[in-house]
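Summary of the model geometry
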Amino acid sequence: QVQLVESGGGLVQPGGSLRLSCAASGFTFSSYTMNWYRQAPGKEREFVAGISSTPGSTNYADSVKGRFTISRDNAKKTVYLQMKSLKPEDTAVYYCKYTNWGNRDYWGQGTQVTVSS
């Protein structure tokens, strides 16, 4: 069955960096766009970044452009989110998501990112 497992979250000071990973299984990873979303306390889940299947064009939310970079390794079936210049407002649970051809969404369990001094 489909599994998406995020890792790499944690506590980081403002201005710091983290790299999130999402390991996928149960589907043909290289054929699908992969996305990162986040949800802060009391707020709706929001799109952060997406990367298409090979050759991997990317798009970003305006709030993270120039600070976050999404990438993928199809051989490892993993999508990454490199986050730099982190701000307190980046604090959230980060999720990866893919949508199959039938428009069904699959989500990971999320990984907590806390940006605080």
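Here the structure is a predicted model, which is why all the values come from computation and not from measurement.

So, the packing of aromatic side chains
- According to the stated counting rule, one finds 9 aromatic pairs in the structure shown.
- Consider the rings of Tyr-95 and Trp-107, whose centres lie 6.2 Å apart with planes at 90 degrees: the pair is edge-to-face. Placement of the pair is Tyr-95 in strand 9 (residues 92–99) and Trp-107 in strand 10 (residues 105–107), with a sequence separation of 12 residues.
- Taken together, the ring pairs connect Phe-27, Phe-29, Tyr-32, Tyr-98, Trp-101 and Tyr-106 into an aromatic cluster.
- One Lys or Arg, Arg-45, reaches over the ring of Tyr-95 and ends 3.7 Å from the middle of that ring.
- Taking the ring centre of Trp-107 as reference, the NZ or CZ of Arg-45 above it sits at 4.5 Å.

Focus: the pairing of strand 4 (residues 34–39)
- Counting buried residues along strand 4, 5 of its 6 residues qualify, which places the element largely inside the surrounding structure.
- Bridge analysis of strand 4 against strand 5 (residues 46–51) gives 5 bridges, and the strand direction is antiparallel. The residue bridging Trp-36 from the neighbouring strand is Ala-49, located in strand 5.
- Counted between consecutive antiparallel strands, the loop separating strand 4 from strand 5 contains 6 residues, among which Gly-42 sits at a positive phi close to 75 degrees.
- Across 5 bridges, strand 4 lies against strand 9 in antiparallel orientation. Paired with Trp-36 across the strands is Cys-96, a residue of strand 9.

About the cut-offs
- Residues numbered from 1 in each chain as written.
- Predicted model: local features only at pLDDT ≥ 70, side-chain atom pairs only at ≥ 80, totals over all residues.
- Heavy atoms only, no water.
- Phe/Tyr/Trp six-rings, centres within 6.5 Å; stacked < 30°, edge-to-face > 60°.
- Helix = DSSP H or I, 4+ residues; strand = E, 2+ residues; numbered from the N terminus.
- Lys NZ or Arg CZ within 6 Å of the ring centre and 35° of its normal.
- Buried < 20%, exposed > 50% of the residue type's maximum accessible area, 1.4 Å probe, protein only.
- Pairing = 2+ DSSP bridges.

Fair warning: the whole summary comes from geometry, so function is off the table for now.
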